[in-house]
Amino acid sequence: MSRVLDVPRDLAEPAERGTLTVAHAVVRKVAQHAADQVPGTSPDGKKGAKAKVGGLDNDVDLALDLPLQYPAPVRTVVDVVREKVTGEVELLTGYHVRTLAVTVSALRPAVPPRVR
């Protein structure tokens, strides 16, 4: 047996209902997670992508330090990272990514060396 909920029909306009602010720390985590999901990146626990976030209002500027697997097609992986990070940040946070600077900070072998 289903039940129909009585929803008041006199809701305030969306702009009058309140606001939602997504902290830059959340944007940073979304960007880092999105970057680490791209094949060819080298997420290794705490050594994955690192992001910095700036900007005002609904525009954010991102700076991403990104370790890649070696060998990897650097330009191709970075292009995919740019697309993935921009898409995820904009979809999940509602912010517009104004700029995204990517620095490849390391090249790591896919298999760790046997001798250190």
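Up top is the structure these notes are about.
### Description of the sheet that holds strand β3 (residues 96–109)
Argument step 1. An order of β1-β2-β3 is seen for the three strands of this open sheet, with the pairing classed as mixed. One side of each edge strand has no neighbouring strand; the edge strands of this open sheet are β1 (50–54) and β3. Each strand of the sheet is rotated relative to its neighbour by a mean of 15°, with strand direction disregarded.
Argument step 2. Two elements, β1 and strand β2 (residues 59–70), share five bridges in a ladder whose sense is antiparallel.

### Points about helix α1 (residues 24–36)
Argument step 1. In this model α1 runs 18 Å from its N-terminal to its C-terminal C-alpha over 13 residues, within 8% of the 18 Å that 1.5 Å per residue would give.
Argument step 2. Here α1 has its buried residues at V27, V30, A31, Q32, A34 and A35.
Argument step 3. Where α1 is buried, its residues touch β1, β2 and α2 (74–93).

### A closer look at the pattern of salt bridges
Argument step 1. The final tally for this structure, using the stated rule, is one salt bridge.
Argument step 2. Across the pair D61 and R98 runs a salt bridge whose closest N-O atoms are separated by 2.5 Å. Of this pair, D61 sits in strand β2 while R98 sits in strand β3, and the two are 37 residues apart along the sequence.
Argument step 3. Judged by relative accessible area, D61 falls into the partly exposed class, the value being 21%.
Argument step 4. Its relative accessible area of 47% is what places R98 among the partly exposed residues.

### Thoughts on the packing of α1 against α2
Helix packing geometry: the angle between the two helix axes and the distance between the axes.
Argument step 1. The N-to-C vectors of α1 and α2 enclose an angle of 140°; their axes lie 8 Å apart at closest approach. With respect to their mutual orientation, α1 and α2 come out oblique. Of the two possible hands of crossing, α1 and α2 adopt the one that is right-handed. When α1 is examined against α2, the residues V27, V30, A31, A34 and A35 are found in contact with a partner set consisting of V81, K84, V85, E88, V89, L92 and T93.

### Some thoughts on unusual backbone geometry
Argument step 1. With omega at -5°, the peptide bond leading from Y70 into P71 counts as cis.
Argument step 2. For P71, the position within the fold is in the loop between β2 and α2.
Argument step 3. Residue D57 is not a glycine yet carries a positive backbone phi of 55°.
Argument step 4. Relative to the helices and strands, D57 is located in the loop between β1 and β2.

What counts, and where the lines are drawn
Residues numbered from 1 in each chain as written. Predicted model: local features only at pLDDT ≥ 70, side-chain atom pairs only at ≥ 80, totals over all residues. Heavy atoms only, no water. Pairing = 2+ DSSP bridges. Helix = DSSP H or I, 4+ residues; strand = E, 2+ residues; numbered from the N terminus. Axes fitted to C-alpha atoms, helices over the stretch in contact; angles between N-to-C directions. Expected span 1.5 Å × (residues − 1). Buried < 20%, exposed > 50% of the residue type's maximum accessible area, 1.4 Å probe, protein only. Contact = heavy atoms within 4.5 Å. Salt bridge = Lys/Arg side-chain N within 4 Å of Asp/Glu carboxyl O. Parallel < 35°, antiparallel > 145°, perpendicular 65-115°, else oblique. Left-handed = near helix turned anticlockwise from the far one by under 90°.

Distances and angles like these do not, on their own, reveal function.
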